[in-house]
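Per-entry structural report
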Amino acid sequence: MAVTSFSTPRLSSSLSSPALQTLRNYRFPVRFLSFSHYTKTLVSGNFFDSLTSPPPLTRHFNTAIRADSTNGAEPPRKYDFDLFTIGAGSGGVRASRYAANFGATTAVCELPFATISSESTGGVGGTCVLRGCVPKKLLVYASKFSHEFEDSHGFGWNYEAEPEHDWSILIANKNAELQRLTGIYKNILNNAGVKLMEGRGKIVDPHTVDVNGKLYTAKNILISVGGRPFIPDIPGSEYAIDSDAALDLPSKPTKIAIIGGGYIALEFAGIFNGLKSGVHVFIRQKKVLRGFDEEVRDFVEEQMSLRGIEFHAEETPQAIVKSSDGSLSLKTNKGTVDGFSHVMFATGRIPNTKNLGLEAVGVKLSKNGAIEVNEYSQTSVPSIWAVGDVTDRINLTPVALMEGGALAKTLFANQPTKPDHSDVPSAVFSQPPIAQVGLTEEQAVKEYGDVDVYTSNFRPLKATLSGLPDRVFMKLIVCAKTNKVIGLHMCGEDSPEIVQGFAVAVKAGLTKADFDTTVGIHPTAAEELVTMRTPTRKVRNTPMEGKTDVKAAAGV
Ligand SMILES: Cc1cc2nc3c(=O)[nH]c(=O)nc-3n(C[C@H](O)[C@H](O)[C@H](O)COP(=O)(O)OP(=O)(O)OC[C@H]3O[C@@H](n4cnc5c(N)ncnc54)[C@H](O)[C@@H]3O)c2cc1C
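Report follows, based on the coordinates. (Residues numbered from 1 in each chain as written. Predicted model: local features only at pLDDT ≥ 70, side-chain atom pairs only at ≥ 80, totals over all residues. Heavy atoms only, no water.)

1. Considerations on the sheet that holds strand β8 (residues 255-259)
Put simply, the rule reads: By this definition, two strands are paired if DSSP reports at least two bridges between them. Segments assigned H or I by DSSP are reported as helices when at least four residues long, segments assigned E as strands when at least two residues long, and all are numbered from the N terminus. Each axis is a line fitted through C-alpha atoms, taken for helices only over the stretch in contact, and angles between the N-to-C directions span 0 to 180 degrees. By definition in these notes, contact holds between two residues if any of their heavy atoms fall within 4.5 Å.
Taken together, 4 strands build an open sheet; the order of strands is β10-β9-β8-β14 and the sheet is parallel. A strand with exactly one partner marks an edge of an open sheet, and here the two such strands are β10 (310-312) and β14 (342-345). For this sheet, the mean inter-axis angle between neighbouring strands, taken without regard to orientation, is 20°. The strands touched by helix α9 (residues 263-274) are β8, β9 (278-282), β10 and β14; relative to β8, the strand with the most contacts, the crossing angle is about 170°.

2. Re the environment of Ser305
Counted only if it meets this: Buried residues are those whose accessible area, probed at 1.4 Å on protein chains only, stays under 20% of the maximum for their type, while exposed residues exceed 50% and partly exposed ones sit between those limits. Identification of polar contacts relies on pairs of N or O atoms within 3.5 Å, with a donor-acceptor requirement for protein atoms, meaning one able to donate a hydrogen and the other able to accept it, and with residues adjacent in sequence counted only if both atoms are side-chain atoms.
Mapped onto the elements, Ser305 comes out in helix α10 (residues 294-306). In this structure Ser305 comes out as partly exposed when scored by relative accessible area, which is 35%. For Ser305 and His280, which are 25 residues apart along the polypeptide, the C-alpha to C-alpha distance reads 10.0 Å. Reaching out from Ser305, the side chain makes a polar contact with the backbone oxygen of Glu301 at a distance of 2.7 Å.

3. A word on the side chain of Lys475
By the secondary structure assignment, Lys475 is in strand β20 (residues 472-479). Judged by relative accessible area, which is 0%, Lys475 ranks as buried. One polar contact links Lys475 to Asp293, side chain to side chain, over a distance of 2.7 Å. At a separation of 2.5 Å, a polar atom in the side chain of Lys475 contacts the side chain of Glu295. In this structure Lys475 touches Asp293, Glu295, Glu441, Val453, Tyr454, Thr455, Gly487, Leu488, His489, Met532 and Arg537, once residues within four positions along its chain are discounted.

4. Notes on the nonpolar core
Stated precisely, the cut-off is as follows: For this analysis, a nonpolar core means a set of buried residues of the types Ala, Val, Leu, Ile, Met, Phe, Trp, Tyr and Cys, connected via side-chain atoms within 4.5 Å.
Counting residues in each nonpolar core, the largest one holds 38 residues, and the members touching the most others are Ile258 and Phe272. Among the elements of the structure, α6 (133-153), α7 (167-192), α8 (243-246), β8, α9, β9 and α10 are those that each provide at least two residues to this core. Top contributing element to this core by residue count: α9, with 6 residues. Among all residues touching Phe272, those that are not within four sequence positions of it are Trp167, Ala246, Leu249, Pro253, Ile256, Ile258, Ser277 and Val279. In this structure, Ile203, Val209, Ile221 and Ile371 belong to the second largest nonpolar core, which totals 24 residues.

5. Remarks on the site of the ligand
Just so we agree on the cut-off: Consider each residue's heavy atoms; a residue with any of them within 4 Å of a molecule or strand counts as near. Here the open area of atoms and residues is found with the Shrake-Rupley method and a 1.4 Å probe, where only the protein chains shown may cover a residue.
In the region of the ligand, 36 residues are neighbours, and Gly91, Glu110, Thr127, Lys136 and Asp389 sit closest. Between Gly201 and the ligand, the recorded distance is 2.9 Å, taken from a backbone N or O atom to a nitrogen atom. Bound to the protein, the ligand loses 96% of the 1,000 Å² it would expose on its own. Where the shell around the ligand is concerned, the elements lending two or more residues are α4 (90-101), β2 (106-110), α5 (126-131), α6, α9 and α12 (397-412).

6. A word on the pairing of β2
Note the following rule: Handedness of a crossover is defined as follows: orient the strands so they point away from the viewer, and if the path from the first strand over the helix to the second runs clockwise, the crossover is right-handed.
Among the 5 residues of β2, 5 are classified as buried, and the element is accordingly described as predominantly covered. Of the two faces of β2, the one lined by Thr106, Val108 and Glu110 and the one lined by Ala107 and Cys109 are each fully buried. What joins strand β1 (residues 81-86) to β2 is α4, and the crossover it makes is right-handed. Bridge count between β2 and strand β3 (residues 195-198): 4 bridges; the pairing is parallel. Across the sheet, Glu110 pairs through a bridge with Glu198, a residue of β3.

This is the structure we're talking about:
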């Protein structure tokens, strides 16, 4: 940091911006998804004091002392850092790195590395890199080979013996990759000029963080501590594992019970099924993947069942019993299933907000322990901000990155930026995988009333020679009034790769006519998304009765 920046008044240039003037006068309510009940008005002085002029050319670290705005609202105070971030996962690393690039003096603290997280262990990179997206996808790749081996026979391949899988090689290679990645993340922070501290962060007051007994002051504190898996307290729960442990088991399960019907449960079901473990999935509800499009929910469960996964619908675990031979039995409301080597809970994650000092400083939490924030990721304490899973908005890595980036721009680049949570595409790396963007049919009907639905359910080319029962399902949901494509769903090979591209079209508000004029790439499964011409059904809401009238396309 240039020495001259110590005494630079930081507000005057910000306030000259008409955009900021408007924002400063705007008292916006805090309303977001699950916590619409919480309304709060920003303390404008505190919020806008944080907006800085363009970044200085040089900076230094924890010896930095900043003089802040003297616009009359607050006496000048000196802090060790402009931003102190607790948690170096996706959101924390992104926010800290961008903040440092914008010229802010920045520090981040993170727990020591371990493959399995706890109150005292974590690691730079966070859940995505160490216990989520990355290791999970590596295991998905490993498990997919077995389907390829099956497919290959129809294409003329013969082997003397069935290929065998060595779990210990997979886990050792995966862990070596995690070490490499956590090192890369440390370098990223280092190169950006972010001061990295190993230790547990705890908030002492609105401008002070305690890291292992040492106190650091900061103008802004960012909480990006993510969440952790949660195992419900039932008899025998000490025998159960969570997703952290499932990614790092000493040996491969012979038969596993997976409890939960969400995306993590289905992904692990696919992994262990592909690696030839017996897999049973227990879901409390009738169907898997609550919140996804109904047809996709049915389709994926059917396809996964064809691969040998056994689904137990509306079956809730009540106890886990260990037999003398070491095997586990799962008692449910419907009976007992024996012979499991592992029982895994994938029933949800809870925000890491315990013992962070939040309640004492007045940071408001929702019922499930998530931090409540406004559209700019500001908490109920103006100098404390939160991004990522700990805010329980949309719990995905790219969303945490977006929120972290937006915050850094808001605080340090003179660009107040709200993260945009609309049309966020997402995927489930089940086998077959699912990807989607926009609304489900149910949401679209509720929101728009009249929608045209195009579906396609077909056997992919590869399955013709492999002889396997694999199919692909695709769905486009179009607003009847505007012709805009408002939902796009796919379940089948490569769907996450395909839908990432189509998400641009949906986000840009393109119409079905735009899709129709796009020439397909042949022969692909993806071309089906630009060649669906006749609606499968036209859903029309009858406003008088508020009822939905579904007409077969042919007769409309
Ligand atoms: C099994 C699994 C699979 C997933 N797959 C995908 C996927 O395919 N795609 C996708 O987009 N998302 C996926 N996710 C979700 C994704 O991992 C999260 O949304 C993302 O990591 C959230 O980032 P974050 O920065 O909010 O938190 P995290 O990445 O969890 O980072 C929080 C960090 O804070 C640290 N920390 C906690 N408390 C403290 C403290 N007091 N002091 C210091 N440090 C602390 C933790 O150790 C951790 O490193 C998956 C998650 C799981 C569990």
